[in-house]
Amino acid sequence: MPGALISGVHVTAPQTWLIFTVIFALLVFFAVKKLPWLGIACALLGVFAGSRVWAAQQVAPDEQLVVYSIPRRSVVGFWQGAAAEVVTLDSLPLTETERTYRIVPGIIQREARRVNYHAGWRSCGVPARVAEPGLVLAAWRGLRIAIINGRLSGAHQPVPVDAVVLRRNARVQPADLAATFGTRELIVFDSSCKSWYVARQDSLLHQVGFQTHDVTAQGAFIVRPVQ
């Protein structure tokens, strides 16, 4: 049992067991009318409250940019402590199943209190601009990412970024990526890329000097802003 989601309140597995134990102690107290059982219930409630406060303090300063591994989808999350903006780049909302199995576990782990979902960049508060057809540049908390789903025209000056995300089998050549971004940036294949495309591009990119991350095979890509 990884945790539970109850009316927007997220509890971890240990916290769930604490709740069950409190309920059990209260039931015993009402059955036998002995004060020690009430004391146990109150003590466990105090432990539960303390665990919530401790968890909130641990996650408060943590910031993450996440490229999720969701089959055939392009989804990016911007986490600031217990709040997040989750953006589906293909402008189609996540299904309830996709949220439950791919997003909610992270919500429970971080005890998130505010998670906003956006279909496309327009309603999201993260600054992003279309530099050219098929190329979006986004900036968040000092991090800069390029998201590519088409060709690169090569008509602009080199762009410094922290990561380049390829989606929908973007038709880009390693030489064009190197000319536009340099080879120090990590190339991320998101879950909308086919396996044959990743295998082919991965080999070509490594020959040029790029490092790569395939979220389908390696799990979500996570990067944190430099403090």
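This is a predicted model, so every value here is computed, not measured. (Residues numbered from 1 in each chain as written. Predicted model: local features only at pLDDT ≥ 70, side-chain atom pairs only at ≥ 80, totals over all residues. Heavy atoms only, no water.)

(A) Focus on the overall build of the protein. Across its full length, the protein carries six helices and 13 strands. When each of the 227 residues of the protein is scored for burial, the buried share is 46%. By sequence separation, contacts in the protein at least 24 residues apart represent 51% of the contacts at least 6 residues apart. Total accessible area computed for the protein in this model is approximately 12400 Å², and 59% of it derives from carbon and sulfur atoms. (Helix = DSSP H or I, 4+ residues; strand = E, 2+ residues; numbered from the N terminus. Buried < 20%, exposed > 50% of the residue type's maximum accessible area, 1.4 Å probe, protein only. Contact = heavy atoms within 4.5 Å. Areas by Shrake-Rupley, 256 points an atom, 1.4 Å probe, with all protein chains shown as cover.)

(B) Summary view of the pairing of strand S8 (residues 135–140). When you tally the buried positions in S8, you get five out of six residues, the bulk of the element. In terms of strand pairing, strand S7 (residues 128–132) meets S8 through four bridges, oriented antiparallel. Following the sheet pairing, alanine 128 is matched in S8 by alanine 138. Bridge count between S8 and strand S9 (residues 143–148): six bridges; the pairing is antiparallel. Across the sheet, residue leucine 135 finds its bridge partner in S9, namely isoleucine 148. Counting the residues in the hairpin turn of S8 and S9 gives two residues, including arginine 141, whose phi is positive at 50°. (Pairing = 2+ DSSP bridges.)

(C) Spatial organisation of the packing of aromatic side chains. For the coordinates displayed, the defined rule picks out seven aromatic pairs. A network of ring pairs unites the aromatic residues Phe78, Trp121 and Trp140 as a single cluster. Its guanidinium or amino end placed over the ring of tyrosine 117, arginine 99 lies 3.8 Å from that ring's centre, counting from NZ or CZ. (Phe/Tyr/Trp six-rings, centres within 6.5 Å; stacked < 30°, edge-to-face > 60°. Lys NZ or Arg CZ within 6 Å of the ring centre and 35° of its normal.)

(D) Highlighting the sheet that holds strand S5 (residues 83–88). Read from one edge of the open sheet, five strands run S6-S5-S4-S3-S13, paired in mixed fashion. Each having just a single partner strand, strand S6 (114–119) and strand S13 (221–223) make up the two edges of the open sheet. Each strand of the sheet is rotated relative to its neighbour by a mean of 15°, with strand direction disregarded. As paired elements, S5 and S6 share six bridges and run parallel to each other. Its bridge partner lying in S6, glutamate 85 is registered against asparagine 116. (Axes fitted to C-alpha atoms, helices over the stretch in contact; angles between N-to-C directions.)

(E) Structural context of the packing of helix H4 (residues 174–181) against helix H5 (residues 195–208). At a minimum axis separation of 9 Å, H4 and H5 run at an interaxial angle of 50°. Taken together, the axes of H4 and H5 lie oblique to each other. As H4 packs across H5, the resulting crossing turns out to be right-handed. Residue-level contacts link Pro174, Leu177 and Ala178 of H4 to Leu204, Leu205 and Val208 of H5. Of the residues that constitute the contact of H4 with H5, the class distribution is six nonpolar, no polar and no charged. (Parallel < 35°, antiparallel > 145°, perpendicular 65-115°, else oblique. Left-handed = near helix turned anticlockwise from the far one by under 90°. Nonpolar A, V, L, I, M, F, W, Y, C, P; charged D, E, K, R; others polar.)

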